[in-house]
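# Reading the structure
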Amino acid sequence: MAAEGDFLTRYRAVSNKLKKRFLRKPNVAEASEQFGQLAKELRQQDCLQYAAFCNLAMARCEQTLFNAPGEALALTDAARLFLSSEKENRALQAPGFDEHLQAALNCYSFAIKVYIEMNQPVMAASLCLELGNALKEMNRPGEAIVHYQRAAELQTQTPIEALLSMGEIATCKILTRESSLSHRFSTSSRNLLEVLILCLILSSWAFLDIVAKCEISRVLLLMLLEPPPQKLLPEHAQTLERYAWESFDPHSQVTFLPENVFLLLQSVVMACQEKDTESLKSLQTELWPFLSAEQNHLLHLVVQERITPSGQGI
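None of these values were measured; they are calculated from a predicted model. (Residues numbered from 1 in each chain as written. Predicted model: local features only at pLDDT ≥ 70, side-chain atom pairs only at ≥ 80, totals over all residues. Heavy atoms only, no water.)

Further remarks concern the environment of M223. With respect to the helices and strands, the residue M223 is situated in helix α10 (residues 208-225). The sequence separation of M223 and V302 amounts to 79 residues, and the corresponding C-alpha distance is 6.6 Å. Among all residues touching M223, those that are not within four sequence positions of it are L240, V268, V269, C272, V302 and R306. (Helix = DSSP H or I, 4+ residues; strand = E, 2+ residues; numbered from the N terminus. Contact = heavy atoms within 4.5 Å.)

As structure tokens, this is what we get:
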């Protein structure tokens, strides 16, 4: 409480300097510097939320001075401090209403807006990604999607970075399916169909390693969803045809996948079609070292779906 009282006293003292006096202009630059110094001291004392408020006050000063870079930096610092405070509260399981998270979201939003106005889309996109990553870590993948999407839209001049952002969107859409796995063709499944479309977009103009990752994820998603033939998009039908034993042609094998991975995926498709759960479990073990964490999770869901259909066991 002593630290809080000292903070309020010093904060008000600096704020008072910004009040207009008769025939005297307030020294906004000095006030901004003092708010910054107070924020630094509070951060060292681990008073993160108070430090964030000082950074917010500093951002307002920089805005008054028409210093957009300084404003954006102060807003970003405030956002990170509010976010760190929220994480601390969650770690301590302290009761709350996500007020620090909401404050962080607002600060990130304003900082992104400032960078866009400064014609710095790369900086704006990096903050969108930072916020998306934070939300995903806090088990809020549905909310993270919006920020990854915005990042991708801002990364039109850096296509590889845009691809990675779209990959994060796909990951979040997969994660959001878990909350309602029992509704097989509900909104959650439509989310996964959107992921399949994203994979198609990505594989059409990506480097081979990204193409390979998308191909594997697409096959596993199709095995998980099992859409009926009448609902299967032509592109997805072509994907499944590549892994069908009856149409197997060694000369037409996809060149961007290692031969052993291709054959294992082909076996997975066959095991799913034959509803051979034991073979699928064995294939899961063999494929495990070749897949990413996300893909292994998808394969796990495929196996679980065969053991307990419609996700009732998950």
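The next thing to look at is the nonpolar core. Formed by 53 residues in total, the largest nonpolar core has its most connected members in F7, Y11, L42, C54, F82 and L83. Mapped onto this core, the elements with two or more residues apiece are α1 (2-16), α2 (28-44), α3 (48-64), α4 (68-91), α5 (99-117), α6 (121-137), α7 (141-154) and α8 (159-177). The greatest single-element share of this core, amounting to 10 residues, is contributed by α5. Beyond its immediate sequence surroundings of up to four residues, C54 is in contact with F7, Y11, F35, L38, A39 and L42. V219, M223, L287 and L298 belong to the second-largest nonpolar core, a separate cluster that totals 29 residues. (Core = buried A, V, L, I, M, F, W, Y, C linked by side-chain atoms within 4.5 Å. Buried < 20%, exposed > 50% of the residue type's maximum accessible area, 1.4 Å probe, protein only.)

Right, let's get into the confidence of the model for the chain. Counting all residues, the mean pLDDT for the chain is 83, and 82% of those residues have values of 70 or more. Across residues 179-190, confidence stays below pLDDT 50; counting only partners more than four residues off in sequence or on other chains, it has 24 contacts. (pLDDT = per-residue confidence, 0-100.)

What follows covers the layout of surface pockets. In this structure, the second largest pocket occupies an estimated 190 Å³ of space. Every residue along the wall of the second largest pocket is listed here: L56, A59, R60, Q63, E71, L75, C107, F110, K113, V114 and E117. Within the residue set of the lining of the second largest pocket, elements represented by two or more residues are α3, α4 and α5. Looking at which element gives the most residues to the lining of the second largest pocket, the answer is α5, with five residues. (1 Å grid on protein atoms, 1.4 Å probe; cavity = no way out; pocket = protein on both sides within 12 Å on 5 of 7 lines; lining within 4 Å. Points joined across faces, edges and corners; volume = space filled by probe spheres on them.)

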